[in-house]
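Analysis of the macromolecular model
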Amino acid sequence: MRVDAYDKVSGRALYGADRVLPEMGFAALALAKIGRGRLSRVDTGAAEAVPGVLLVETRFDLASPGFVMGGGFGFQSLQPMTGDHIAYRGQPIAIVVAENPVAATEAAEAITAEYEPEPFALHLDSEGATTLVQEEAIPLPFLADIKVGDPDAVIAASPVQIDNVYEHPPQHAVPMELNGGVVEWQGDTLIVHEGTQNANAVRFGLAQQLGIDPADIEVRSPYLGGGFGQKNSLLLHIGPLAVLSRRLGRPLKLVLARPQTFHNGSFRPATKHRIRLGADESGQILAAIHEVDQQTSRHDLFPAMHTEVTGRLYGFSAFRGRQRLVQTDVQTPGYMRAPFESPSMFAFEQAVDELAIAVGRDPVELRLANNTDTDPITGLPFSSRHVDDCLRRGAELFGWSARNPEPRSMRAEDGSLVGWGVAIGNYPGNVAAAMATLTADAGGRVTVSVDGHEMGQGIRSSIALHVAQDLGIPVADVVVQVGDTTVGTQHLTAGSWGTATALPAVHSGLRELRKLLNVADSGDVDVAAAVSIAGQPVQVTVDSLGPGQSPDVLGQARSGHLAIAGPVFPGFVTFSWIAHFVEVRVEPTTCRIRVPRVVSVADCGRVASPVTAASQVRGGVIWGIGAALREETLMDDRHGFLNTTLEEYPVMVNADVRRIDVDFIDKPDYQFNPVGVKGLGEVSMVGAAAAVANAVHHATGRRHHRLPIRLEHVL
Ligand code: MOS
């Protein structure tokens with residue numbers, strides 16, 4: 001079940017920018033039309049003349065919010081409209097406020113500017129792009145190259161060798177809810193209604209930008225219409241909106257137009273992966289090397305973390321991972337669902353498929369033969385790793401044993417080539433420090449306030465179910481408050497740590513609540529009766545830490561910074577796992593590729609909320625198919641990001657989605673946390689694109705080392 005389903009379908013669920021306030025004004029942005037250079041003049045005259053326009057502003061006195069991965073709060077450190085440097089095409093140069101959104105948009109479009117353009121670089125191999133070795137550019141231990149054994153020597157001596165380069169294009173997350181929100185001042189208190197995964201960073205980032213006390217800022221993010229990592233920090237429109245709202249003495253709303261979101265939000269950067277494998281004749285992988293180049297901006301170094309996932313896939317005795325960052329003239333890229341894992345697995349799991357073909361071994365068997373219970377990088381055990389069960393169960397559900405290994409050997413009744421592909425995926429087990437407050441009232445209701453943001457993944461449902469099951473009360477008697485800085489810290493929800501962060505905090509809160517209610521530590525509770533004996537509502541607040549986390553991180557979390565741990569913990573390493581089995585059909589004349597069925601089996605520890613969990617996996621698989629067959633943000637040497645509408649940036653739609661069967665191993669991981677849950681949202685997508693690419697090879701006999709695979713590539 002989904003506790004917010006009725007509110008959503010009835011329209012009662014209010015998203016950030018849905019809010020309508022008295023006297024509200026509407027804002028719109030004008031964007032730079034060069035790829036890089038200096039802004040010499042902005043002409044706002046025509047915009048100011050549009051009826052209904054209240055003001056046009058081109059310059060703000062705002063401090064940088066800092067880069068969220070560099071100790072700051074913003075998706076990038078660069079705050080537009082604070083100087084005359086244009087760092088990328090689509091950077092805002094002016095903001096208009098009007099009585100209505102039509103006037104605001106018309107005025108924004110009437111703004112013209114003069115520039116002194118400079119040459120700009122977009123691609124990994126563009127002239128002028130600057131390549132940095134990550135471990136030198138960001139000297140942090142967890143970003144250093146990974147070196148286990150001597151893989152170069154082992155591969156050179158291996159009887160079977162694979163050495164290929166795989167390219168993954170930039171992509172944009174295009175959540176249905178556009179970036180945007182509503183700001184209002186109540187006296188000296190700034191209230192922000194914005195769909196964000198990180199209300200706390202919005203609060204502290206704004207405090208830093210505006211030079212005001214964070215205690216005077218409230219951020220409310222009751223729902224997101226998709227975050228996917230793009231809403232993981234302070235976006236650059238909120239600061240200017242807050243300034244203008246105060247100046248006009250009116251609440252203001254700004255919703256970016258879809259094309260504007262392609263420039264004013266993070267995106268999945270272009271990556272290039274060289275994968276080398278050395279194996280024996282049976283397909284036992286002896287060593288692997290994964291080298292990555294990842295695009296970043298000029299102004300921030302978005303860290304690459306690809307090799308820490310691929311280095312854990314199989315029982316390598318030797319592994320090397322090296323990552324480089326390529327500075328280009330774009331906004332800072334960032335996290336887009338399974339940001340490193342999906343592209344990495346597209347590369348690595350195709351290389352493994354190529355190895356299976358080279359040694360003539362079934363790709364499921366080959367993967368099972370290379371399984372391990374020990375983390376190759378640290379030598380520590382995995383707290384749980386049931387990827388072998390995922391492979392076995394998936395193969396059975398899919399009917400894999402009927403596969404003819406020969407490419408182009410299987411045909412459908414209509415003559416379509418049929419291909420069956422498999423791939424596995426993994427995702428780090430992360431956890432954040434969290435705080436939970438539980439209140440039991442005389443009506444028998446329990447209100448839970450905890451760190452978390454509801455972005456459609458179903459965190460409210462997971463929490464409500466957990467409390468209801470623990471106390472033996474109806475789900476309807478559980479009130480869940482998340483995404484609101486007035487009810488808790490609201491640390492970042494991302495990295496698939498939401499459930500594994502909130503549930504342990506709630507679980508420990510329930511233990512304390514039971515003590516205060518004077519009831520047993522388990523079993524059904526008559527909450528109303530227990531509260532009436534207590535004579536007043538009973539409230540507990542608990543702090544919750546990940547394994548081995550120092551209580552100091554709570555202070556970090558409370559001041560708006562990241563307070564996360566994983567996937568390496570004292571004595572163990574935690575990852576979530578998945579196996580995808582995909583059938584593709586390639587129509588013989590047009591070479592149109594369809595995906596009629598997928599079987600995905602995940603190991604996410606205990607399944608906390610079956611309905612929303614299955615939904616997460618379906619969403620991830622659909623996105624993986626989209627990555628394989630549809631999505632690519634084109635970087636044009638004159639116009640920068642080119643295809644910035646849903647017409648031109650094709651994503652999967654319902655007509656593309658056929659049968660997707662989802663199953664779970666559902667074995668709790670109590671080493672990771674007392675609830676036994678691991679992350680699920682992002683691992684769902686990991687490996688799905690690789691399985692599609694492997695299936696396309698099986699269908700057609702052709703290997704594609706670059707995404708997306710469209711019919712013109714298959715023809
Ligand atoms: Mo996510 S891409 O960790 O919000």
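In this text the structure is predicted, and so the values were computed from the model without any measurement.

For the protein chain, the count of helices and strands is 19 helices and 31 strands. Taking 27 Å as the expected radius of gyration for a compact globule of 715 residues, we find that the protein chain reaches 26 Å, a close match to that expectation. Expressed as a percentage of its 715 residues, the buried residues of the protein chain come to 62%. Put simply, 80% of the contacts in the protein chain that link residues at least 6 apart link residues at least 24 apart. Surface summary for the protein chain: the accessible area is close to 25000 Å², and the carbon and sulfur share equals 51%. On the protein chain, the mean spot of the 59 positive side-chain charges and the mean spot of the 80 negative ones are 3 Å from each other.

For the rest of this paragraph, the subject is the layout of surface pockets. Of the volumes computed, that of the second largest pocket is approximately 650 Å³. Together, 32 residues line the second largest pocket, and L29, A30, L31, E109 and Q260 are the ones closest to its centre. For the lining of the second largest pocket, the secondary-structure elements that each account for two or more residues are strand 1 (25-31), helix 3 (101-110), strand 6 (112-117), strand 13 (252-255) and helix 8 (258-261). Ranked by the residues each element gives to the lining of the second largest pocket, the list is headed by strand 1, at 6 residues. Tallied by class, the residues present in the lining of the second largest pocket amount to 21 nonpolar, 7 polar and 4 charged.

Turning our eyes to something else, we now look at the packing of helix 10 (residues 341-359) against helix 18 (residues 688-700). With their axes 8 Å apart at the nearest point, helix 10 and helix 18 run at an angle of 35 degrees to one another. The two elements helix 10 and helix 18 cross, and the hand of that crossing is right-handed. Between helix 10 and helix 18, the contacting residues are M345, F346, E349, Q350, D353 and I357 on the first element and A690, A693, N694 and H697 on the second. For the contact of helix 10 with helix 18, the per-class residue count stands at 5 nonpolar, 3 polar and 2 charged.

Another point: unusual backbone geometry. The residue after G566, namely P567, is reached through a cis peptide bond having omega 0 degrees. For P567, the location among the structural elements is in the loop between strand 24 (564-565) and strand 25 (568-569). Between L707 and the following residue, P708, the backbone shows a cis peptide bond with an omega angle of -5 degrees. Mapping P708 onto the fold places it in the loop between helix 18 and helix 19 (711-714). Even without glycine at this site, E23 takes up a positive phi of about 65 degrees.

Quick look at helix 6 (residues 199-210) now. For helix 6, built from 12 residues, the straight-helix expectation of 16 Å at 1.5 Å per residue is met to within 8% by its first-to-last C-alpha distance of 16 Å. Burial within helix 6 is extensive, with 10 of its 12 residues counted as buried. For helix 6, the set of buried residues is A199, N200, A201, V202, R203, F204, G205, L206, A207 and Q209. In the core, the buried residues of helix 6 are packed alongside strand 11 (189-194), strand 12 (217-220), helix 7 (238-248) and helix 16 (552-558). Where helix 6 ends, the next residue or the one after it, G211, has phi of about 70 degrees, a positive value.

Okay, the nonpolar core next. Ranked by size, the top nonpolar core spans 92 residues in total, and within it L277, F348, L355, F581, V584 and F664 carry the most contacts. Residues contacting F581, with those up to four places away along its chain left out, are V364, C390, L391, G394, A395, F398, W400, G421, V422, R597, V598 and V599.

What follows is about the sheet that holds strand 6. Neighbouring strands of a sheet are bound in pairs by backbone hydrogen bonds; such pairs are parallel or else antiparallel. Spatial ordering of the open sheet is given by 4-2-6, a layout of 3 strands whose pairing is antiparallel. Where the open sheet ends on each side, the last strands, each with one partner, are strand 4 (85-86) and strand 6.

What counts, and at which threshold
- Along each chain, residue indices are assigned from 1 in the same order as the chain's sequence is written.
- Local features in this predicted model are restricted to residues of pLDDT 70 or higher, and side-chain atom pairs are both shown and tallied only at a pLDDT of 80 or more, whereas totals for entire chains, interfaces and linings draw on every residue.
- Values reported for side chains reflect all heavy atoms of the structure, with hydrogen atoms and water molecules removed beforehand.
- Runs of H or I in DSSP of at least four residues are treated as helices and runs of E of at least two as strands, each being numbered from the N terminus.
- Computation of the radius of gyration draws on C-alpha atoms, with the globule rule given as 2.2 Å multiplied by the number of residues to the power 0.38.
- Throughout this description, buried means an accessible area under 20% of the type-specific maximum (1.4 Å probe, protein chains only), exposed means over 50%, and partly exposed covers the range between.
- Whether two residues are in contact is decided by their heavy atoms: any pair within 4.5 Å suffices.
- Method for areas: the Shrake-Rupley scheme with a 1.4 Å probe, in which residue coverage is limited to the protein chains shown.
- Residues scored as charged are limited to Lys and Arg (positive) and Asp and Glu (negative), so that His and the chain ends carry no count.
- Every charge is mapped onto a representative atom, which is NZ of Lys, CZ of Arg, CG of Asp or CD of Glu.
- For each structure, a 1 Å grid was placed over the protein atoms alone; sets of points admitting a 1.4 Å probe that cannot get out are labelled cavities, open sets with protein on both sides within 12 Å along at least five of seven lines are labelled pockets, and lining residues have an atom within 4 Å of a point.
- Grid points are joined across faces, edges and corners, and a volume is the space filled by probe spheres set on the points.
- Only Asp, Glu, Lys and Arg are considered charged in this grouping, and only Ala, Val, Leu, Ile, Met, Phe, Trp, Tyr, Cys and Pro are considered nonpolar; every other residue, Gly among them, is considered polar.
- Inter-axis angles, ranging from 0 to 180 degrees, are taken between N-to-C directions of lines fitted to C-alpha atoms, where helices are fitted over the stretch in contact.
- A clockwise turn of the near helix away from the far one marks a right-handed crossing, whereas an anticlockwise turn of less than a right angle marks a left-handed crossing.
- What a helix should span is 1.5 Å times the count of its residues minus one.
- Side-chain atoms within 4.5 Å link the members of a nonpolar core, which is a set of buried Ala, Val, Leu, Ile, Met, Phe, Trp, Tyr and Cys residues.
- In this scheme, strands are said to pair when DSSP sees at least two bridges between them.

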